[in-house]
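# Remarks on the overall topology
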Amino acid sequence: MPAGTTIYDAAATAGIEIPVLCHNPRYDPVGVCRMCVVDTGGRVFAAACVRPCDDGMTVTTTSPELERSRSVLTELLLADQLPRDQDPKQTTTADNKLLELADRYGVSRETTDLPLGSGRGLDHSNPVIAMDHDSCILCDRCVRACDDLQGNDVIGRSGKGYSTRIAFDLNDPMGASSCVTCGECVQACPTGALTNKAIRSIPIQPREQLEAVESVCPYCGVGCALTYWVDRERGAISFAEGRPQPGSQSRLCVKGRYGWDYSASPQRLTMPLIRIDSSYPKGALSADVRGESTGKQATGRAKKRSQKDGRPGKDRGRKPGGLVDYDEVMPHFREATWDEALDLIARRLKEIHGSGGPGAIAGFGSAKCSNEEAYLFQKLIRAGFGTNNVDHCTRLCHASSVAALFEGVGSGAVSTTYGDVANADVAIIAGSNPTSNHPVASSFFKQARRRGTTIIYIDPRASTVAEHADIFVQIKPGTDVAFYNAVMCEIISLGLTDAAFIADRTSNYDALAATVADYPPERAEQITGVPADTIRAVARAWGEAGSAVVYWGMGISQHTTGTDNARCLIALCSITGQVGRPGTGLHPLRGQNNVQGASDAGLIPMFYPDYQGVDRAGTQRLFEEAWGTALNPNRGLTVTEIIHSILAGGVRAMYMLGENPFLSDPNTNKVRKALSALEFLVVQDIFFTETAEFADVILPATSYLEKDGTYTNTDRRVQLGRKVMDPPGQARADWAIVQDIAQRVGLDWNYGSPSEVFDEMVPLMPSYANLTHANLGAGGKLYPNDDPEHSDGTIVMFDERFNTDDGLAHLVPAVWLPPKELPDAEYPLVLNTGRLLEHWHTGSMTRRSFALDAISPIAEVYMHAKDAADRGLVHGAMARARSRRGSIELQVRISHREQQGNVFIPFHFREAAANLLTIDEVDPVGKIPEFKFCAVQVESVGTGA
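Residues numbered from 1 in each chain as written. Predicted model: local features only at pLDDT ≥ 70, side-chain atom pairs only at ≥ 80, totals over all residues. Heavy atoms only, no water.

We now examine the overall build of the protein. Along its length, the protein carries 30 helices and 35 strands. Radius of gyration (C-alpha) of the protein: 29 Å, near the 30 Å computed for a compact globule of 945 residues. In terms of overall dimensions, the protein has a C-alpha envelope of 90 × 70 × 65 Å along the principal axes. Relative to its full complement of 945 residues, the protein shows a buried share of 65%. Residue pairs at least 24 apart in sequence account for 74% of intrachain contacts in the protein once pairs closer than 6 positions are excluded. For the protein, the computed accessible surface area is about 32,100 Å², with 50% contributed by carbon and sulfur atoms. Both charge centroids of the protein, one from 93 positive and one from 114 negative side chains, sit 4 Å from each other. (Helix = DSSP H or I, 4+ residues; strand = E, 2+ residues; numbered from the N terminus. Rg over C-alpha atoms; globule rule 2.2 N^0.38 Å. Buried < 20%, exposed > 50% of the residue type's maximum accessible area, 1.4 Å probe, protein only. Contact = heavy atoms within 4.5 Å. Areas by Shrake-Rupley, 256 points an atom, 1.4 Å probe, with all protein chains shown as cover. Lys, Arg positive; Asp, Glu negative; His and termini not counted. Charge placed at Lys NZ, Arg CZ, Asp CG, Glu CD.)

Another point: the nonpolar core. Nonpolar side chains in soluble globular proteins tend to be buried together. L194, L380, M654, F688 and L699 are the most contacted members of the largest nonpolar core, which totals 187 residues. The residues contacting L699, other than those within four sequence positions of it, are P272, W338, A341, L342, I345, V682, V683, Q684, D685, I737 and I741. V481, Y484, L586 and L811 belong to the second largest nonpolar core, which has 56 residues in total. (Core = buried A, V, L, I, M, F, W, Y, C linked by side-chain atoms within 4.5 Å.)

In this section: the side chain of E659. Note on placement: E659 falls in the loop between β23 (653-657) and α25 (661-664). The buried charged residue E659 lacks any salt bridge partner; its closest oppositely charged side chain belongs to K368, at an N-O distance of 8.4 Å. In terms of polar contacts, E659 uses its side chain to reach the backbone amide nitrogen of C393, at 3.4 Å. (Salt bridge = Lys/Arg side-chain N within 4 Å of Asp/Glu carboxyl O. Polar contact = N/O pair within 3.5 Å; in protein donor to acceptor, adjacent residues only side chain to side chain.)

Reading around the circumference, β30-β34-β31-β33-β32-β35 is the order of the 6 strands in this closed barrel, with mixed pairing throughout. The average undirected angle you get between the axes of adjacent strands in this sheet is 45°. (Pairing = 2+ DSSP bridges. Axes fitted to C-alpha atoms, helices over the stretch in contact; angles between N-to-C directions.)

Right, let's get into empty space enclosed by the protein. On inspection of all chains with the given rule, the structure shows 14 cavities of 30 Å³ or more. There is about 500 Å³ of room inside the largest cavity. Considering the residues around the largest cavity, the lining is formed by 36 residues, among which M554, Q558, T833, G834 and K932 are closest to the centre. When contributions to the lining of the largest cavity are tallied by element, the ones reaching two or more residues are α20 (554-557), β30 (829-834) and β34 (902-906). The element that contributes the greatest number of residues to the lining of the largest cavity is β30, accounting for 5 residues. When its residues are assigned to classes, the lining of the largest cavity shows 12 nonpolar, 19 polar and 5 charged. Lining of the second largest cavity is provided by 24 residues; of these, S366, K368, G658, D685 and M845 occupy positions nearest its centre. For the lining of the second largest cavity, the per-class residue count stands at 8 nonpolar, 11 polar and 5 charged. (1 Å grid on protein atoms, 1.4 Å probe; cavity = no way out; pocket = protein on both sides within 12 Å on 5 of 7 lines; lining within 4 Å. Points joined across faces, edges and corners; volume = space filled by probe spheres on them. Nonpolar A, V, L, I, M, F, W, Y, C, P; charged D, E, K, R; others polar.)

With that settled, consider the sheet that holds strand β16 (residues 454-458). The 5 strands lie next to each other as β17-β16-β15-β19-β20, forming an open sheet whose pairing is parallel. Looking at the sheet topology across the chains shown, the edges are occupied by β17 (471-473) and β20 (585-588). Taking each pair of neighbouring strands and ignoring which way they run, the sheet shows an average axis angle of 15°. Direction of pairing for β16 relative to β17: parallel, over a ladder of 3 bridges. Bridging across to β17, I458 finds its partner in V473.

In this section: the pattern of salt bridges. Under the defined criterion, the tally for this structure stands at 49 salt bridges. With a shortest N-O distance of 2.7 Å, R567 and E407 are connected by a salt bridge. A residue pair is termed long-range when its members are at least 10 positions apart, and R567 in helix α21 (residues 562-575) and E407 in helix α12 (residues 399-409) qualify at 160 residues. Look at R567 and you get buried, because its relative accessible area is 15%. Each of E826, R880, R882, E889 and E939 takes part in one network of salt bridges that share partners.

So, on to α21. End to end, α21 covers 20 Å across 14 residues, agreeing with the expected 20 Å (1.5 Å per residue, within 8%). Most of α21 is tucked away, with 14 of its 14 residues classed as buried. Once α21 finishes, G577 follows within two positions and takes phi at roughly 70°, a positive value. (Expected span 1.5 Å × (residues − 1).)

Within the secondary structure layout, L808 lies in the loop between β28 (781-782) and β29 (809-810). With a relative accessible area of 22%, L808 lands in the partly exposed category. The spacing of L808 and S574 is 234 residues in sequence and 9.9 Å in space, taken between C-alpha atoms. Ignoring sequence-local partners within four residues, the contact set of L808 consists of G408, D504, R505, T506, S507 and F802.

What follows deals with the packing of helix α15 (residues 480-493) against α21. It is at 9 Å that the axes of α15 and α21 come closest, and there the two elements cross at 15°. Taken together, the axis directions place α15 and α21 in an arrangement best described as roughly parallel. Taken as a pair, α15 and α21 cross one another with a handedness that is left-handed. On the side of α15, the interface is formed by D480, V481, Y484, N485, V487, M488, I491 and I492, while α21 contributes D564, N565, C568, L569, A571, L572 and I575. Tallied by class, residues from the contact of α15 with α21 come to 11 nonpolar, 2 polar and 2 charged. (Parallel < 35°, antiparallel > 145°, perpendicular 65-115°, else oblique. Left-handed = near helix turned anticlockwise from the far one by under 90°.)

Moving on: the side chain of S844. Following the sequence through the fold, S844 ends up in the loop between β30 and α29 (850-855). Since its relative accessible area comes to 18%, S844 is described here as buried. For S844, the residues in contact, after removing those within four places along its chain, are F687 and T689.

So, about the pairing of β16. For β16, the tally of buried residues reaches 4 of 5 residues, placing the bulk of the element in the interior. As judged from the 5 bridges shared by strand β15 (residues 426-430) and β16, these two strands associate in the parallel manner. From the neighbouring strand, I429 faces β16, where its bridge partner is Y457.

In this model, helix α19 (residues 532-544) (13 residues) spans 18 Å end to end at C-alpha, consistent with the 18 Å of a helix rising 1.5 Å per residue. Restricting attention to buried positions, one finds in α19 the residues A532, I535, V538, A539, W542 and G543. Along the long axis of α19, the arc covered by the buried residues comes to 120°, so they all point the same way. (Arc of directions from axis to C-beta.)

What follows concerns the environment of H810. Summarising the element assignment, H810 is placed in strand β29. Owing to a relative accessible area of 25%, H810 belongs among the partly exposed residues under this scheme. For the pair H810 and I570, spaced 240 residues apart in sequence, the C-alpha to C-alpha distance is 8.9 Å. A polar contact is formed between the side chain of H810 and the side chain of D806, at a distance of 2.9 Å.

Our focus in this paragraph is unusual backbone geometry. The peptide bond linking Y783 to P784 adopts the cis configuration, its omega dihedral lying at -5°. Residue placement: P784 occurs in the loop between β28 and β29. Even without being a glycine, Y611 presents a positive backbone phi close to 60°. Positionally, Y611 belongs in the loop between β21 (607-608) and β22 (612-613). On the basis of relative accessibility, which here comes to 12%, the residue Y611 falls in the buried class. The backbone of N667 shows a phi angle near 55°, a positive value even though the residue is not glycine.

Bringing the packing of aromatic side chains into the picture now. Each pair of aromatic rings is reported with the distance of its centres and the angle of its planes. One pass over the structure, following the stated rule, counts 25 aromatic pairs. On the basis of an interplanar angle of 65° and a centroid distance of 6.3 Å, the ring pair of Y219 and W840 is categorised as edge-to-face. Pair noted here: Y219 is in the loop between β8 (211-216) and β9 (225-231) and W840 is in the loop between β30 and α29, with a separation of 621 residues, a long-range link. Classification of W840 as buried rests on a relative accessible area of 4%. One aromatic cluster is present, built from ring pairs that chain together Y375, Y608, F623 and W627. In this structure, R461 packs its charged tip against the face of Y862, placed 5.6 Å from the ring centre. (Phe/Tyr/Trp six-rings, centres within 6.5 Å; stacked < 30°, edge-to-face > 60°. Lys NZ or Arg CZ within 6 Å of the ring centre and 35° of its normal.)

One can describe the packing of helix α24 (residues 639-647) onto helix α26 (residues 668-677) by two numbers: an axis separation of 8 Å at closest approach and a directional angle of 60°. When the interaxial angle is binned, α24 and α26 end up oblique. The way α24 lies across α26 gives a crossing that is left-handed. Between α24 and α26, the residues in contact are I643, H644, I646 and L647 and K670, V671, K673, A674 and A677, respectively. Taken together, the residues of the contact of α24 with α26 break down into 6 nonpolar, 1 polar and 2 charged.

As structure tokens, this is what we get:
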């Protein structure tokens, strides 16, 4: 065995089992339970999990003495356990290694003479995790899971002697602590001390009574691999857990582990619906979003909603609004057969196409749908209606990043994985809050820092990532270009560039150097608010690193200068040679679970699948031959441009698949006007969303859990999502619905399964070459991949050349420009919008998940203490936030994470829709809206209009 190998690992390699309780290969060994003791010939038995092998050592792993030691230890540990017939938790928990050992050694609580211990207590304060301190054996697996893997540092020990117990923070109840409910501790616990609670009354059962379905998490772009344990008798999920995969490595966050029950909501759409009241104004019920409902009406509706959705029948402090109220909207629609609804859709779309031409039609697809569904949707819009007016939410997250990446390196995908941070000397995390938006990826960042990687965190908000950073740079919002130009200026002045890399693998360096020379650290300090010495420290740390990588989020991209921001990051990596090697590269952390795949599949107006330009003649011919029809050679309209076109009389009919632009797009009042102006709108979704209130026809689709398909995560990993359960009522898979409409508008489509669609896609998408449903396996495959049968795929891109025409990185200088709307006397605060850990996008899924909504049920505005005090506001008070475009009412949350003069509002809450406030100015290149900067005022609800 190699030097340093533990006895336990050596025995495992030799196929020899040694029983353990405290040990798990995922955590650092501690040897506290002594169950794994072995005889090495010394005076005492040695714990195999921590004792390293010595040259020539002889080890006895089983003997009468060892077995007696293990048996007595098991009996001692059972002393605090209730007899099995008195403890239903222990008869239903999925993993109780202590009981397995008790059976092995023939001991039980019923037969032991040891006194029964008790009194350390129960903790049921968390909505989905139960803690039984009397069942805890203090093995510290939960501590290590929380610290070593997730990096949350919540769990420790308190007390002395027999009163010692696991503690959360300063011995707080779990539900009141800083615990983020990732459930890693539950997956780690070997005794049933930490267990999942039943969700929607589906009991937690032993694995042998359930069916395992391997799939992928439906939330963020990290794409964690998980297993759903399904109760087929009840037709429902019992629990979920992480499973091995090269990226996520069995880790999950609260959404992945506990946020799946939205699919079982009684509010699911189950029949096609057709609008019946033409006199009833479209979207009239969106008064809730403007905060115009009375408190009495809202409270009544909240009670009805909570009772219908299987939650406790109480308001739980919600403000007026919340989810769409079915009692109000459903009377204005009638149920229809599928044939009636599909025939009406085809007839109206063809009529409007016939009278208005291709430009009168547009489609919004979804990053929540599979690659196959994204491919078919864009193919329908292009081949069926002759237009490239097709887009999806990438326009609202990383469109500017993709534009800069294509311009700079010739590819819109990441150049390395989030796990590659382990190989980096330095990592910059910019404009992102990964602990909330990409929690599992953030666990790898925190783990890397503990192992020596220098973390530089750059963001206007002091999110929890700042607590794990070696250097935290709290820049003023909208000053990214000035900051990164100053860092590059300092790197160049210190001579820390990679001259060979610049000469051999970049172009336009002289122009870049001339531009950044205008941003010395002292000038940048005046613009960004960051001390010049901090800028110099960042420059030196990055410039002297042997390997350095940058991860960025929507704090970089969601600006009118988003493309320039990303251009700076590309240049920073390129001039220092930090691309193309392990631990280096460019990684925009993708937002939704399939925003990478949907973009890959062509769900964008300027590209066919695999980013092949619609305005290139050769590409045009390729897809015309493949699809057997003439195609439009002109770029289509983006999400924001489509809204403007509707108001100008251009686009007259739309097909929306799984998108909710009424809440997700900027300047909600303008979106309301546009949706109301459409002559015909089809909405295909799993719930009655705010956008569906404007629809003429609503089609009930399947959730992620009710269909097969592939999904591509932020790492370029293509994975299979597998059907877990049957859809409710007459809901149908999105790909099948799209095909039905395609057939009715004259396209000869006859796909029998998603795998057939995938097989059509791959020959048209060189990046996906060699991939099939069959060879993706349980963990998926990275693309590009020359041999998916034997290789996981390419981790690091651009090792020899970039994907540009000349193979070089194109350096594009950027000049700092101020945001489009600056604070003034009337609107003195800067608004930043974003996501919470527990919620997702417009909340249509997460607010119907018991756990997620229970943890975070209300809309809040996060404010600096002085800003709140200056306005007479206190924590928990109701406030009005207003901009030049609208106003909302929500609770105040005093936050140490905000800079003075800045406020943060999550955009998940219909009753306090943040996008009523945001500006619809866009980046001129990526066409992405300015979600991260607009001027607002926050005041008491008793102030003003």
